[in-house]
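Below are the chains, spelled out letter by letter.
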There are 4 protein chains.
Amino acid sequence: MNVTIWNEHRHEKTNPRVAALYPGGIHEAIAAPLRAHPAVGTVRTATLDDPENGLPVRVLDATDVLLWWGHVAHKEVCDSTVQRVQKRVLEGMGLIVLHSAHHSKVFKALMGDTCSLRWREATDRERLWVVTPAHPIAAGLPAHFELPAEEMYGEPFGIPAPEHVVFISWFTGGEVFRSGVTWQRGNGRVFYFRPGHETYPTYHNAHVQRVIANAVQWARPVVRIADACPNTAPLEPLP
Amino acid sequence: MNVTIWNEHRHEKTNPRVAALYPGGIHEAIAAPLRAHPAVGTVRTATLDDPENGLPVRVLDATDVLLWWGHVAHKEVCDSTVQRVQKRVLEGMGLIVLHSAHHSKVFKALMGDTCSLRWREATDRERLWVVTPAHPIAAGLPAHFELPAEEMYGEPFGIPAPEHVVFISWFTGGEVFRSGVTWQRGNGRVFYFRPGHETYPTYHNAHVQRVIANAVQWARPVVRIADACPNTAPLEPLP
Amino acid sequence: MNVTIWNEHRHEKTNPRVAALYPGGIHEAIAAPLRAHPAVGTVRTATLDDPENGLPVRVLDATDVLLWWGHVAHKEVCDSTVQRVQKRVLEGMGLIVLHSAHHSKVFKALMGDTCSLRWREATDRERLWVVTPAHPIAAGLPAHFELPAEEMYGEPFGIPAPEHVVFISWFTGGEVFRSGVTWQRGNGRVFYFRPGHETYPTYHNAHVQRVIANAVQWARPVVRIADACPNTAPLEPLP
Amino acid sequence: MNVTIWNEHRHEKTNPRVAALYPGGIHEAIAAPLRAHPAVGTVRTATLDDPENGLPVRVLDATDVLLWWGHVAHKEVCDSTVQRVQKRVLEGMGLIVLHSAHHSKVFKALMGDTCSLRWREATDRERLWVVTPAHPIAAGLPAHFELPAEEMYGEPFGIPAPEHVVFISWFTGGEVFRSGVTWQRGNGRVFYFRPGHETYPTYHNAHVQRVIANAVQWARPVVRIADACPNTAPLEPLP
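The rules we used
Residues numbered from 1 in each chain as written. Chains lettered and ligands numbered in written order. Predicted model: local features only at pLDDT ≥ 70, side-chain atom pairs only at ≥ 80, totals over all residues. Helix = DSSP H or I, 4+ residues; strand = E, 2+ residues; numbered from the N terminus. Rg over C-alpha atoms; globule rule 2.2 N^0.38 Å. Buried ≥ 20, exposed ≤ 12 C-beta atoms within 10 Å, placed from the backbone. Pairing = 2+ DSSP bridges. Axes fitted to C-alpha atoms, helices over the stretch in contact; angles between N-to-C directions. Contact = placed C-beta atoms within 7 Å. Nonpolar A, V, L, I, M, F, W, Y, C, P; charged D, E, K, R; others polar. pLDDT = per-residue confidence, 0-100. Least-squares fit on C-alpha atoms with pLDDT ≥ 70 in both. Parallel < 35°, antiparallel > 145°, perpendicular 65-115°, else oblique. Left-handed = near helix turned anticlockwise from the far one by under 90°. Expected span 1.5 Å × (residues − 1).

Draft legend 1. Spatial organisation of the overall build of chain A. Scanning chain A from N- to C-terminus turns up 7 helices and 9 strands. Taking 239 residues into account, the globule formula puts the C-alpha radius of gyration at 18 Å, and chain A, at 18 Å, falls close to it. Taken over 239 residues, chain A has a buried fraction of 58%.

Draft legend 2. Expanded view of the sheet that holds strand β6 (residues 144-154) of chain B. All names here are of chain B. If you trace the 9 strands from one edge of the open sheet to the other, you get β2-β1-β3-β4-β9-β8-β7-β5-β6, paired in mixed fashion. Unpaired on one side and paired on the other, β2 (43-47) and β6 mark the two borders of the sheet. Across the sheet, the mean angle from the axis of one strand to that of its neighbour is 25 degrees, orientation sign disregarded. Of the pairings in the sheet, the one linking strand β5 (residues 118-130) to β6 comprises 8 bridges and is antiparallel in character. Counted as the bridge partner of Arg-118 is Gly-154 from β6. The strands touched by helix α3 (residues 26-35) within the sheet are β1 (3-7), β2 and β3 (65-69), with β2 carrying the most contacts at an inclination of about 170 degrees. Sheet strands touched by helix α5 (residues 79-91): β3, β4 (94-98), β8 (176-185) and β9 (188-193). Its angle to β9, the strand with the most contacts, is close to 115 degrees.

Draft legend 3. Geometry of the interface of chain B and chain A. Listed as interface residues are 39 residues of chain B and, on the opposing side, 38 residues of chain A. Of all the secondary-structure elements, those providing two or more residues to the side of chain B that touches chain A are α6 (105-111), β5 and β8 of chain B. Counting residues per element, the side of chain B that touches chain A draws most heavily on β5(B), at 7 residues. Residue composition of the side of chain B that touches chain A, by class: 17 nonpolar, 13 polar and 9 charged.

Draft legend 4. Highlighting the interface of chain B and chain D. Each partner contributes to the interface: chain B provides 14 residues, whereas chain D provides 14 residues. For the side of chain B that touches chain D, the secondary structure elements donating two or more residues are β5 and β7 (164-171) of chain B.

Draft legend 5. Geometry of the confidence of the model for chain A. In the predicted model, chain A carries a mean pLDDT of 98, and the fraction of residues at 70 or more is 100%. Scored by ipTM, the complex comes to 0.97, with pTM at 0.98.

Draft legend 6. Inspection of the relation of the copies chain B and chain A at higher detail. The transform that puts chain B on chain A rotates by 180 degrees and translates by 0.0 Å along the axis, for an RMSD of 0.0 Å. On this basis, the relationship between the two copies can be described by a two-fold rotation axis. Among all C-alpha atoms of chain B, that of B:Gly112 lies closest to the rotation axis, at 2.7 Å. In this assembly, 97% of the residues forming the interface of chain B have copies in chain A that are likewise at the interface, indicating an isologous arrangement.

Draft legend 7. Quick look at the relation of the copies chain B and chain D. At an RMSD of 0.0 Å, chain B and chain D line up after a rotation of 180 degrees and a shift of 0.0 Å along the axis. In this assembly, 100% of the residues forming the interface of chain B have copies in chain D that are likewise at the interface, indicating an isologous arrangement.

Draft legend 8. Highlighting the packing of α3(B) against helix α7 (residues 206-218) of chain B. Residues and elements named next belong to chain B. Look at α3 against α7: their axes get within 10 Å of each other, and the N-to-C directions meet at 70 degrees. It follows from the interaxial angle that α3 and α7 lie roughly perpendicular. When the axes of α3 and α7 are compared, the crossing they make is right-handed. On α7, the residues that touch Ile-30, Pro-33 and Leu-34 of α3 are Gln-209, Ile-212, Ala-213 and Val-216. A breakdown of the residues in the contact of α3 with α7 according to their chemical character gives 6 nonpolar, 1 polar and no charged.

Draft legend 9. Geometry of the pairing of β7(B). Residue and element names in this part refer to chain B. Taking burial as the measure, the 8 residues of β7 include 7 buried ones, the bulk of the element. Sheet topology places β5 next to β7; 5 bridges connect them, and they run antiparallel. In the sheet register, Trp-129 faces β7, and the bridge partner there is Ile-168. The pairing of β7 with β8 spans 6 bridges and is classified as antiparallel. Bridge pairing links His-164 to Thr-182 in β8.

Draft legend 10. Inspection of the sheet that holds strand β5 (residues 118-130) of chain A at higher detail. Residue and element names in this part refer to chain A. Judged by pairing direction, the sheet is mixed, and its 9 strands sit side by side in the order β2-β1-β3-β4-β9-β8-β7-β5-β6 without closing on themselves. Edge positions in the open sheet fall to β2 (43-47) and β6 (144-154), since each of these has one partner strand only. Neighbouring strand axes in the sheet, compared pairwise and without regard to direction, differ in orientation by 25 degrees on average. Those strands touched by helix α3 (residues 26-35) are β1 (3-7), β2 and β3 (65-69), and its axis lies near 170 degrees from that of β2. With respect to the sheet, helix α7 (residues 206-218) is in contact with β1, β3, β4 (94-98), β6, β8 (176-185) and β9 (188-193), its orientation differing from that of β9 by roughly 165 degrees.

Draft legend 11. Structural detail: helix α5 (residues 79-91) of chain D. Residue and element names in this part refer to chain D. Over its 13 residues, α5 runs 18 Å from end to end, which matches the ideal 18 Å to within 8%, given 1.5 Å per residue. Among the residues of α5, Thr-81, Val-82, Arg-84, Val-85, Gln-86, Arg-88, Val-89, Leu-90 and Glu-91 are the ones counted as buried. In this fold, the buried residues of α5 make contact with α4 (57-61), β3 (65-69), β4 (94-98), α6 (105-111), β8 (176-185) and β9 (188-193). Directly after α5, the chain includes Gly-92, whose backbone phi takes a positive value near 145 degrees.

Draft legend 12. Structural context of unusual backbone geometry. Residues and elements named next belong to chain B. Pro-156 follows Glu-155 through a cis peptide bond whose omega is 0 degrees. Tracing the backbone through its elements, the reader meets Pro-156 in the loop between β6 and β7. For Thr-123, which is not a glycine, the phi torsion comes out positive at approximately 55 degrees. Looking at the secondary structure, you find Thr-123 in strand β5.

Draft legend 13. Spatial organisation of the pairing of β3(A). Residues and elements named next belong to chain A. Within β3, 5 of the 5 residues are buried, leaving the element largely enclosed by the surrounding structure. Judged from the 5 bridges that link them, β1 and β3 form a sheet pairing that is parallel. Paired with Ile-5 across the strands is Leu-67, a residue of β3. Bridge count for β3 against β4 is 5 bridges, and the pairing is parallel. Within β4, the position partnered with Leu-66 by the bridge is Leu-95.

Draft legend 14. Here's a closer look at the environment of B:Leu48. Residues and elements named next belong to chain B. Following the sequence through the fold, Leu-48 ends up in the loop between β2 and α4 (57-61). Separated by 25 residues in sequence, Leu-48 and Ala-73 place their C-alpha atoms 8.4 Å apart. Ignoring sequence-local partners within four residues, the contact set of Leu-48 consists of Glu-8, His-9, Asn-53, Ala-73, Glu-76 and Val-77.

Draft legend 15. Structural context of the environment of A:Arg224. Residues and elements named next belong to chain A. In this fold, Arg-224 is placed in the segment after α7. Counting along the chain gives 123 residues from Arg-224 to Ala-101, while the straight-line C-alpha distance between them is 25 Å. Non-local contacts of Arg-224, meaning those with residues more than four positions away in its chain, are made with Glu-91 and Gly-92.

Draft legend 16. Highlighting the environment of C:Ala143. All names here are of chain C. Along the chain, Ala-143 falls in the loop between β5 (118-130) and β6 (144-154). Of the residues examined, Ala-143 has 14 C-beta atoms within 10 Å and is grouped as partly exposed. Along the chain, Ala-143 and Phe-167 lie 24 residues apart, while their C-alpha atoms are 10.0 Å from each other.

See the structure below:
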């Protein structure tokens, strides 16, 4: 299985606090435990400032599951990149959308919805409850786990009704959020996972790493089918 | 309740067979029974070649439910029109997508999927089965009804898992199709209804008219809420 | 529209605190605002100790929407009563399941699931967030509302994937819960609403009363269809 | 992975045509290809007339996926057997419900619905269309496959809204049916698969065998969790 981790990679270059937490970039922090994972093969990374946003056709063609982290530069992602990624998801590639990528062009294009929410950067504590313990993305996790400091995201979350709600978060400040949710689009599986604000060490948390590794395995393609809208002959005699 | 019927209005101008079936355009054929319906107030029509595609902000602002018929000119619809329509659906406006509009920009933007299918123009007979008799869109319909001549659409239909499947069609040539399906996007309700090829008198069929009238009532907005992603203060003391 | 409110009516007879809060029984507290509601017609009540548990065929036949509150006496409800209620829901009657009735025989029979959860009687504060503002059950409600004292129910809630999650609750003690959820079973609509512990004045809360009145209107039957599994002749010639 | 195939095993003893098609019983016909499958371990069979209906606790405890075929003797299945099976599904065991078992006590208990349909024994031809090509249950199948002779089942099918519709069937006589559908109940996965009337060689069909083998793998448990409704201490200080 080939995994590609996309990161806009901007905060790390301008905010020393983020650079200190993620010296190789958020993408490398996400990549490290996946590189050590027995079920994962090649792990590539790609960033906004790479040619073709790091996602030319040959990279997407060779990607089974794509992870996406973006925040301040959503608008800078080329529309052609968004179209290539969406096309590959509809063919069967898995997609894992992380934290502030709720407002990424890629996620909004696949959801068709606002993907808006309420938010607060004020060092809330977040507790994620496992709502669907039998979901493969929850495998090996305790009934709940905590992130001692995170940005708050609160409901209503402007998304289409999910297929499964895997996690719901409780925040110190009084809010709740569907923090792990799944859909299928075309032949591809999509998982949105809430935590991951750049100023906190979230991607170093073992439970978060476990969720991401589980999600990568869950999102692995079953088929690869190019879009087609064929004119077809009848299978039975027409009158 | 204010209804707007949008039609690309091209076939009627170039194909005498279509012009004969729908002398005022498909939009007027759809409008006539709605204008006579006690639960429907104003019925407007709008077409592709009108300024702003007939759907400027003031028209959309005054529309509770929009119906959309398009076929050969999907690409000519302005992207700004698509964005205005999508924004209004997410605010709460109902949308009824008819037949070949499965590949309209508006529907694809809301679904995020291929919306592709198999098809054949060969005068199949279509029988629509009511799969969810308790759905308001099926109110007053028999267990099944037939259209003696229609274009065939067959599965797989490239759509996100619907909230409800109201109708499934059987075709003489051997195919099946989820021909009446619902979703919610943002605060708006969306209904896709399969029949309606321009060379057949489908919109003069009493059962089809009943489905459309039911769908218009079902899709009526419950709320109107503009998209927002607010920064909010905590409701409980943070540590 | 005819509404019947069922209550096991036991706590009120043995616990003075409950009797003081609900002198006429929980059923009468729920009935009062519905009796004053313009969209509701007759409001009946029925209790466990009535003949046939207060729900003989003629009462169920004349009921459009049934509300159910039970707690300590789930096992005392006759299996024949459960079967009558389930049959009527499948025909089209609406059902609103309140609080501790998550473990009622009626709800478990319709869900086929454990319907279990975690709980605590310790006077948590509960804040209900509106997750689906466009749902008719949320009409007229603020973005969130609070109950200053309630029993806690926490996830995971052992229910089939709901059609819509209308509310998610936040609790002081650190838990979350899908506190307003909908399903369809047969031709009937089912709504589970979490709040309503007998030792708190929850059914006197205006927001709770609003939710219940909205739910009663939402759950109104669209059709009434008796179960049948008919042997049917072919509609097309068989080979 | 341990698979148990349950069959009421009555038609084979009384109808020579069925006995000729399935000399070892329908259960053995289903078992044979699974016994040869590399991903499947032990394959047991169990029948209605075995002690405890062939499904004592120790058998269910050792079963990962249970297949169920029943028809004329649904009522003879002990209620205690139904309760044991339902409990194991809710813990995590997979369940594959075949053909006329749509009216089995086990399936109805898990669905809470009528599970009724229209039907005809008249040697229709059935064509199953793959509606969700990316579903693991459809792996390796063509876009559609045919059964030259089958009993007809037609919509409406009285089931809760499925999580995924994998197949929809077309019948010569003019009907359609959601012939492969999935749900989750508790921690267990449930798949209903329509074909399999006892007087036809359906279980010798390679495509049908493929669907069943795929479904067995898909339904494999992710977790095993006993039902519990725990009283839990707060995780945060209560006021």
